[in-house]
Amino acid sequence: MATGLFIGGQWRPGADHIAVTNKFTHQVIGQVAVPSSADIELALASAVSGAAIMSALPTHQRYDILSRTAQLILARKVSLAQTIAQEAGKPIKFARVEVDRAAMTFQLAAEEARRIHGETLALDAIPSGEGFFGFWWRKPVGVVAAITPFNFPLNLVAHKLAPAIAAGNAFIHKPAEVTPLTAVALMEILLEAGLPPMAGQLLPGSGKVVGDAIVADPRVRKVTFTGSAEVGRLIISRAGIKKVTLELGNSSPVIVAEDADLEFAARRCAIGAFAHSGQVCISVQRIYVDQRIEDKFRDLLIAATQAIQVGDPLLDQTDVGPMIAEKEAERIEQWVSQAEQGGAVRLVGGQRDGAVYYPTLLDKTTADMQVTRNEVFAPVATFGTYANFDEALRAANSTDYGLQASLFTQNIDRVFKSIRQLDFGGVIVNDMPGFRADHMPYGGNKQSGLGREGLKFAIEEMTNIQTVAIRMPE
Ligand code: NAD
């Protein structure tokens, strides 16, 4: 029987089910139930009851739930990593890292729960405030709807559920259709860790039906979404007056200066571009190299790309497994062939085997090609050159996106110039743009989104500030 639908403190059979496949072998590995419209309504009503329970839960109990969740995730590392590798097609070594990070995300949230506070207000700083005692503090928003993508089915869920719990909210989670099994395993862990059963609702199912219904409902006070810019735009248009965080896509640039450690930069660019088939929002996409080192760096990058291991995600050595679906591999194959028709030169890669697309490097691309203009979200990177550093910064900024960018250099002036001029939510110096520590503020500018995650920052976005002014006795 299909499971996976958790509403009102119970696992329920649902109206229908979806089959979940291993993305490498295409075998069915599980079934999850999807909700009817009555189930969705019940989930919303239950979440409201859950929010009342959560807001009354003392901080030390929320700390314990989060901390126990972290421990249980680590205790189940082997099976969680296998589930991620199978349902997302993520190479097992990266799936293990994701499990460790998710445990850390819950532990960091536990610690942040203890630091949620406000401050007193000097209301008498102006004459009309004389005689008042004032302070502000943070209160949970109530019901948080978390909508998550396929590419990090555990840690990006952790980045939403953990701060929601830390802040004292109830949540409704809608995982990606293609990767719900990890979400089911996490829900089981949360319940075992002591989450009040009414506080969490899990609704697998389609974005159009389930996602849309919860986004539009006024009982939901906060939508936290990670996914594509296209769906982000739909969500913002449907949400009405509620808080919304959008963590969307990117087209990450990397600038390599002539004074960088070129061998290290080439290795990091290759792994940053191709790991998990480039299906990471901060994957290396556009590489800009000082033309004085063009030939040397191109050779190093080709060698580093050729060293990337393609194959079964369950094998320890694999860096690149299948893309999430064959149609995605066909899409990128088409984008690459369009780029080649427009004059791009393929340095490595270009082969496709079903859903597996081989790491591909393109030289001589132009700014109007899909592979530069759009988010590739595939194992494809472009190689370009610049004559001076200002030109490199302009090229890096020439995108509608603004999540993270990186540069490799030993020159402090270039570092500071880049920090000032790059219009990205994060700038990484001397490593790939894919660097993320789970407690740092993380999020995008421009079409890459709204708001920031990272536990402290997500908690701020999942709470309302309440101001209190008390007229004191004379
Ligand atoms: P997607 O936008 O297709 O789906 C994300 C989620 O939204 C899924 O759960 C989906 O079912 C749901 N959804 C779809 N239509 C909806 C609707 N109308 N209303 C509500 N929900 C709806 O994204 P994906 O393919 O799963 O993930 C890839 C995208 O996510 C890429 O663009 C990537 O850059 C982005 N991403 C961003 C970050 C970040 O932190 N900025 C991290 C990971 C992935």
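Quick look at the structure, then.

Quick notes on the rules
Residues numbered from 1 in each chain as written. Predicted model: local features only at pLDDT ≥ 70, side-chain atom pairs only at ≥ 80, totals over all residues. Heavy atoms only, no water. Salt bridge = Lys/Arg side-chain N within 4 Å of Asp/Glu carboxyl O. Helix = DSSP H or I, 4+ residues; strand = E, 2+ residues; numbered from the N terminus. Buried < 20%, exposed > 50% of the residue type's maximum accessible area, 1.4 Å probe, protein only. Pairing = 2+ DSSP bridges. Axes fitted to C-alpha atoms, helices over the stretch in contact; angles between N-to-C directions. Core = buried A, V, L, I, M, F, W, Y, C linked by side-chain atoms within 4.5 Å. Near = heavy atom within 4 Å. Polar contact = N/O pair within 3.5 Å; in protein donor to acceptor, adjacent residues only side chain to side chain. Areas by Shrake-Rupley, 256 points an atom, 1.4 Å probe, with all protein chains shown as cover. Domains from an automatic or database assignment.

## Observations concerning the pattern of salt bridges
In step 1: One pass over the full model with this rule turns up 28 salt bridges.
In step 2: Here Arg238 and Asp212 are joined by a salt bridge, their closest N and O atoms 2.9 Å apart. A residue pair is termed long-range when its members are at least 10 positions apart, and Arg238 in helix H8 (residues 229-238) and Asp212 in helix H7 (residues 207-216) qualify at 26 residues.
In step 3: Residue classification places Arg238 among the partly exposed positions, given a relative accessible area of 40%.
In step 4: Between Asp295 and Arg298 there is a salt bridge, and its shortest N-O distance comes to 3.0 Å. Residue Asp295 and its partner Arg298 are located together in helix H10 (residues 294-306), separated by three residues, close to a single helical turn.
In step 5: Its relative accessible area of 51% is what places Asp295 among the exposed residues.
In step 6: Overlapping salt bridges, with partners in common, bring together Glu258, Asp259, Asp290, Arg292 and Arg414 in one network.

## Some remarks on the sheet that holds strand E18 (residues 380-386)
In step 1: Taken in spatial order, the seven strands of this open sheet run E14-E17-E18-E13-E12-E19-E20, and their pairing is mixed. Each edge of the open sheet carries a strand with a single partner, namely strand E14 (345-348) and strand E20 (426-429). Across the sheet, the axes of successive neighbouring strands diverge by a mean angle of 25°, strand direction being ignored.
In step 2: Where strand E17 (residues 360-363) meets E18, four bridges bridge the pair, whose relative direction is parallel. Residue pairing for E18: Leu362 is matched across the bridge by Thr382.

## A short note on the nonpolar core
In step 1: Leu66, Ile73, Phe106, Leu154, Leu186, Leu190 and Leu195 are the most contacted members of the largest nonpolar core, which has 54 residues in total.
In step 2: At the level of elements, helix H2 (59-75), helix H3 (77-88), helix H4 (92-113), strand E7 (143-147), helix H5 (155-166), helix H6 (180-192) and helix H15 (455-461) are the ones that each hand at least two residues to this core.
In step 3: Here the element with the most residues in this core is H4; it accounts for ten residues.
In step 4: By size, the runner-up hydrophobic cluster in this structure holds 27 residues, among which are Ala33, Ile40, Val210 and Ile235.

## A word on the pairing of strand E4 (residues 28-34)
In step 1: Relative to E4, strand E3 (residues 16-21) runs antiparallel, the two sharing six bridges. From the neighbouring strand, Ala19 faces E4, where its bridge partner is Gln31.
In step 2: Count of turn residues in the E3/E4 antiparallel hairpin: six residues, of which His26 carries a positive phi of about 70°.

## Here's the deal with the sheet that holds strand E5 (residues 119-121)
In step 1: With antiparallel pairing, three strands are arranged side by side in an open sheet as E5-E6-E22. Taken across any chain shown, the strands that pair with only one partner, and hence form the sheet edges, are E5 and strand E22 (463-471). Ignoring which end each strand starts from, the neighbouring axes of this sheet average 30° apart.

## Some points on the site of the ligand
In step 1: The local shell around the ligand holds 28 residues, among which Thr148, Glu177, Ser228, Leu248 and Glu375 are the closest.
In step 2: At a separation of 2.9 Å, an oxygen atom of the ligand approaches a polar side-chain atom of Lys174.
In step 3: Here a nitrogen atom of the ligand sits 2.7 Å away from a polar atom, N or O, in the main chain of Leu248.
In step 4: Across the complex, the protein chains shield 89% of the 850 Å² of accessible surface that the ligand would expose by itself.
In step 5: Counting only elements with at least two residues in the shell around the ligand, the list comes to H7, strand E10 (222-226) and H8.
In step 6: Domain assignment of the residues forming the shell around the ligand places at least three in each of domain 1 (5-248 + 447-469) and domain 2 (252-437).

Remember that the coordinates give geometry; whether it matters functionally is a separate question.
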